[in-house]
Amino acid sequence: MDFVTHRGGCHCGRVRFEVDAPAELELTECNCSICGRTGYLHLIVPRSRFRLQAGRGDLTSYRFNTGTAEHLFCATCGIKAFYVPRSHPDGISVNARCLEPGTVASRRVSPFDGAAWEENASTLAPLRGDD
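Right, let's walk through the structure included here. Because the structure is a prediction, the values reported are computed rather than measured.

Things to note about the overall build of the chain
Scanning the chain for helices and strands turns up 2 helices and 10 strands. The order of helices and strands in the chain, counted from the N terminus, is β-β-β-α-β-β-β-β-β-β-β-α. Relative to the 2.2 N^0.38 estimate, which gives 14 Å for 131 residues, the radius of gyration of the chain is 14 Å and therefore close to what a compact globule would have. By principal-axis analysis of the C-alpha atoms, the chain measures approximately 35 × 35 × 25 Å. Counting all 131 residues of the chain, 38% fall into the buried class. Long-range pairs, those at least 24 residues apart, make up 60% of the contacts in the chain with a sequence separation of at least 6. Positive and negative side-chain charges in the chain, numbering 15 and 15 respectively, have mean positions lying 6 Å apart.

Listed below in structure tokens is the structure:
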């Protein structure tokens, strides 16, 4: 699979990142209590394909429920551009809405019923390596 380097970040620009992923993105839209409220579109990748370029010190962390997911927000503008997801704690979920234009050829969005997490978690695709 061919990857391109997508760039993105938060609203104020303090948090900046790069992520290697296909130009044709496969995204997940979750309806859980946090994703549904924020409109987060998940692009989940192995940590090796994510690089935080700026803003490590500008991030604030929030955990709830099991504490597995680490929700990271820019302390200045409040945007969650990426986080460590409960479903794939060894990966990074990038908010596709925070990617800069120019490298995304297409987006296919699949719904996920995260409001019923326990019943549906097994339907999520496993995190694939650096294929």
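Overview of the environment of serine 122
Tracing the chain through its elements places serine 122 in the segment after α2 (117-120). Under the relative-accessibility criterion, serine 122 is labelled exposed at 68%. Between the alpha carbons of serine 122 and serine 87 there is a distance of 9.1 Å; along the sequence they are 35 residues apart.

Observations concerning the nonpolar core
Formed by 21 residues in total, the largest nonpolar core has its most connected members in Phe17, Val19, Leu43, Phe50, Phe82, Val94 and Leu99. In terms of nonpolar packing, the next biggest core, distinct from the first, is built from 10 residues, Cys30, Tyr40, Ala69 and Trp117 among them.

Brief notes about the layout of surface pockets
Reported here for the largest pocket is a volume of approximately 650 Å³. Glu26, Thr28, Ile44, Ala125 and Arg128 are, among the 26 residues lining the largest pocket, the residues nearest its centre. Sorting the residues of the lining of the largest pocket by element identifies β3 (24-30), β4 (41-46) and β10 (106-112) as the ones contributing at least two each. As a volume, the second largest pocket reaches approximately 360 Å³. Looking at the second largest pocket, it is lined by 24 residues, and the ones nearest its centre are Cys30, Cys32, Tyr83, Arg86 and Trp117. For the lining of the second largest pocket, the elements supplying multiple residues, two or more each, are β3 and β4.

Cut-offs and rules
Residues numbered from 1 in each chain as written. Predicted model: local features only at pLDDT ≥ 70, side-chain atom pairs only at ≥ 80, totals over all residues. Heavy atoms only, no water. Helix = DSSP H or I, 4+ residues; strand = E, 2+ residues; numbered from the N terminus. Rg over C-alpha atoms; globule rule 2.2 N^0.38 Å. Buried < 20%, exposed > 50% of the residue type's maximum accessible area, 1.4 Å probe, protein only. Contact = heavy atoms within 4.5 Å. Lys, Arg positive; Asp, Glu negative; His and termini not counted. Charge placed at Lys NZ, Arg CZ, Asp CG, Glu CD. Core = buried A, V, L, I, M, F, W, Y, C linked by side-chain atoms within 4.5 Å. 1 Å grid on protein atoms, 1.4 Å probe; cavity = no way out; pocket = protein on both sides within 12 Å on 5 of 7 lines; lining within 4 Å. Points joined across faces, edges and corners; volume = space filled by probe spheres on them.

Nothing here speaks to function; it is all geometry.
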